[in-house]
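# Reading the structure
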Amino acid sequence: MLYLLNYYLLFVCAKFFTTPRENKAEDQMAANPTRATGQPGKMKKDESLLGKLGGTLSRKKKLKEASDLQEEGKNAINAPLLPGGPELLPEDTLLEENAERTILDPTSREDLNFKDLQKVLIDWINSELEEDRIIVKDLEEDLYDGQVLQKLFEKLSGYKLNVAEVTQSEIGQKQKLQTVLEAVNGVLRPLEWNTEWSVDSIHSKSLVSIVYLLLALAMYYAAPIRLPEHVSVRVIVVKKKEGILQTAHVTKQLTSTTTEMMIGRSERDAFDTLLDHAPDKLNVVKTSLITFVNKHLNKLNLEVTELESQFADGVYLVLLMGLLENYFVPLYNFYLTPESFEQKVHNVAFAFELMQDGGLQKPKARPEDVVNLNLKSTLRVLYNLFTNYKNSE
């Protein structure tokens, strides 16, 4: 029995020490089929699933490498035509024949005046849509799908658009944008407004197109905001012609002076007609308004003789609203003796808030226009008060 046990141990040891050498030989045969068979180039074909899969992946890899190489060739041809400054994204160069894309230059994106303009527009939108609990933080990301633009146009125009409330698909978003832009363009067309926007440019998040659209709405509907003057941006216009990309740098002017931007800022009303065609009747209107305001300001031993100048700092407007609504306005809410332009704007804006609290619609005039002695803006504000409080004692 002991003899058999020793024999078994010797057999196991021999097997253990000889196996690596045998495996090594098999590896050498696999690596060099010529030595194994004696016939060069003849190796048994691997018919396993893994072998077939490896061959398929290898072919796909070669096809991809060929495609990448072809794309590099196209880029090499077009490279001299592309601008040397900002780096274009792949989607900026994937254009149809004769198609065009406008790309904002990165230096303009960081321009402080342009950023200030965006902030003014964002604050204006949020103020208009406060009741809808809509908060815009980024113009590109929040306006491209048409949802906010729809709500903004409906609020400004008073029209209800026949569109779906929520659209997730790209097709649905573009359909909504198409409806909104047709409505906007229909309002602006009689004024021969240059439309620097389209469905595709808005949906592709073109910041310049979005800002142009918002500026048109703000000026047409006389948004109560102060737009920064002389804001311009530099853009790269990429166009595909005969299969080759062509680029050009263009400067786009977004805003001009306040006076120029006021032209066409609002719908023409009775005061436009009055000043343009019947200036002789202007004094009659001014006299009526002066009589109305003095009827109430006299209670505080105050008197107005010049409408455009004496309401420009907002003090009389605030006091007049308190008298019309029969309450005392705490002096810490406004500047009783304003000195700076900002303090005067604060007073007028505060008076506008009191008007809205009293149930009046938000004035179309801007506080800045009243402060800047714009007669028509001041007349509009006072005439609105006259219409609503002419019978009050």
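Okay, so let's go over this structure. Quick caveat, the model's predicted, so the values are computed rather than measured. All residue numbers refer to position in the chain's written sequence, counted from 1. Local features are withheld for residues below a pLDDT of 70 in this predicted model, meaning they are given only at 70 or higher, and side-chain atom pairs are given and counted only at 80 or more; totals for whole chains, interfaces and linings count all residues. Based on all heavy atoms of the structure, the side-chain values leave hydrogens and waters out of the count.

On to the overall build of the protein, then. Counting from the N terminus, the helices are DSSP H or I runs at least four residues long and the strands are E runs at least two residues long. In terms of helices and strands, the protein carries 19 helices and 3 strands. Put simply, 62% of the contacts in the protein that link residues at least 6 apart link residues at least 24 apart. Split by element, the accessible area of the protein, about 24,500 Å² in all, is 54% carbon and sulfur. Any two residues whose heavy atoms approach within 4.5 Å are treated as being in contact. Accessibility throughout is a Shrake-Rupley quantity obtained with a 1.4 Å probe, and a residue counts as covered only by protein chains that appear here.

With that out of the way, let us pick up the nonpolar core. Buried Ala, Val, Leu, Ile, Met, Phe, Trp, Tyr and Cys residues form a nonpolar core when they are joined through side-chain atoms within 4.5 Å. Exposure categories follow from relative accessible area, calculated using a 1.4 Å probe and restricted to protein chains: below 20% of the type maximum is buried, above 50% is exposed, and the middle band is partly exposed. With 51 residues, the main nonpolar core has Trp 124, Ile 125 and Leu 139 as its most contacted residues. Among the elements that line this core, the one with the most residues is helix 11 (residues 207-220), at 13 residues. Leaving out residues up to four positions away in the same chain, Leu 139 has contacts with Gln 118, Ile 122, Ile 125, Tyr 144, Leu 207, Ile 210, Val 211 and Leu 214. Membership of the second largest hydrophobic core comes to 36 residues, among which are Leu 282, Leu 289, Val 348 and Leu 360.

Phi is positive for Arg 133, which is not a glycine, with a value near 55 degrees. For Arg 133, the location among the structural elements is in the loop between helix 6 (112-128) and helix 7 (139-143). Looking at Arg 133, the relative accessible area reads 79%, which means it is exposed. For Leu 373, which is not glycine, the phi dihedral falls at a positive 65 degrees. Among the structural elements, Leu 373 can be located in the loop between helix 18 (367-371) and helix 19 (375-389).

This part covers the packing of helix 6 against helix 11. Here helix 6 crosses helix 11 at 55 degrees, and the two axes come no closer than 11 Å. As the angle between them shows, helix 6 and helix 11 are arranged oblique. Of the two possible hands of crossing, helix 6 and helix 11 adopt the one that is left-handed. In contact with Phe 114, Leu 117, Gln 118, Leu 121, Trp 124 and Ile 125 of helix 6, helix 11 contributes Leu 207, Val 211, Leu 214, Leu 215, Leu 217 and Ala 218. Looking at side-chain class alone, the contact of helix 6 with helix 11 contains 11 nonpolar, 1 polar and no charged residues. Angles here are taken between N-to-C directions and fall from 0 to 180 degrees, while the axes themselves are lines fitted to C-alpha atoms, restricted in helices to the stretch in contact. Throughout, the term roughly parallel applies to angles under 35 degrees, roughly antiparallel to angles over 145, roughly perpendicular to angles from 65 to 115, and oblique to all others. For any helix crossing, the convention is left-handed if the near helix is rotated counterclockwise from the far helix by under a right angle, and right-handed if that rotation is clockwise. Gly is put with the polar residues, along with every residue not named as nonpolar or charged; the nonpolar set is Ala, Val, Leu, Ile, Met, Phe, Trp, Tyr, Cys and Pro, and the charged set is Asp, Glu, Lys and Arg.

Looking now at the packing of helix 14 (residues 282-297) against helix 16 (residues 315-325). Contact geometry of helix 14 with helix 16 gives a least axis separation of 9 Å together with a crossing angle of 70 degrees. The angle between the axes of helix 14 and helix 16 places the two elements in the roughly perpendicular class. Contacts from Phe 292, Val 293, His 296 and Leu 297 in helix 14 reach Tyr 316, Leu 320, Leu 323 and Leu 324 in helix 16. Tallied by class, the residues present in the contact of helix 14 with helix 16 amount to 7 nonpolar, 1 polar and no charged.

Here the rule is simple: two strands pair whenever DSSP picks up at least two bridges between them. Pairing is antiparallel across the open sheet formed by 3 strands, whose spatial order is 1-2-3. Every other strand in the sheet has two partners, leaving strand 1 (100-104) and strand 3 (244-253) as the edge strands with one partner each. On average, each strand axis in the sheet is tilted by 25 degrees relative to the strand beside it, whichever way the strands run.

On to helix 11. Note: α-helices contain 3.6 residues per turn, so residues at a spacing of three or four share the same orientation. Each residue after the first adds 1.5 Å to the expected span of a helix. For helix 11, built from 14 residues, the straight-helix expectation of 20 Å at 1.5 Å per residue is met to within 8% by its first-to-last C-alpha distance of 20 Å. Of all 14 residues that make up helix 11, 14 are buried, and the element is covered over most of its length. A positive phi of about 50 degrees marks Ala 222, the residue just after helix 11.

Here the focus is the pattern of salt bridges. Side chains bearing opposite charge may pair, as long as their charged atoms lie close to each other. Think of a salt bridge as a Lys or Arg side-chain nitrogen and an Asp or Glu carboxyl oxygen that are within 4 Å of each other. Tallying each qualifying case throughout the model produces 9 salt bridges. The salt bridge partner of Glu 141 is Lys 205, with a shortest N-O separation of 2.9 Å. Separated by 64 residues along the polypeptide, Glu 141 in helix 7 and Lys 205 in the loop between helix 10 (199-203) and helix 11 bring together distant segments of the chain. Glu 141 gets classed as partly exposed once you look at its relative accessible area, which sits at 44%. With its nearest N and O atoms 3.5 Å apart, the salt bridge here joins Glu 170 to Lys 174. With a gap of 4 residues between them, Glu 170 and Lys 174 both fall in helix 9 (residues 170-188), about one helical turn apart. Residue classification places Glu 170 among the partly exposed residues on the basis of a relative accessible area of 48%.

The next thing to look at is the packing of aromatic side chains. A pair of Phe, Tyr and Trp rings is counted when the ring centres sit within 6.5 Å of each other, with Trp represented by its six-membered ring. The angle between the planes then sorts it: under 30 degrees is stacked, over 60 is edge-to-face, the rest tilted. Inspection of every chain in the model, using the stated rule, returns 4 aromatic pairs. When the centroid spacing of 5.4 Å and the interplanar angle of 85 degrees are considered together, the rings of Phe 292 and Phe 386 count as edge-to-face. Of the two residues, Phe 292 is situated in helix 14 and Phe 386 in helix 19; the sequence distance between them amounts to 94 residues. Take Phe 292: its relative accessible area is 6%, and that puts it in the buried class. Phe 386 gets classed as partly exposed once you look at its relative accessible area, which sits at 25%. Taking 6.2 Å as the distance between ring centres and 80 degrees as the angle between the ring planes, the aromatic pair formed by Phe 311 and Tyr 316 counts as edge-to-face.

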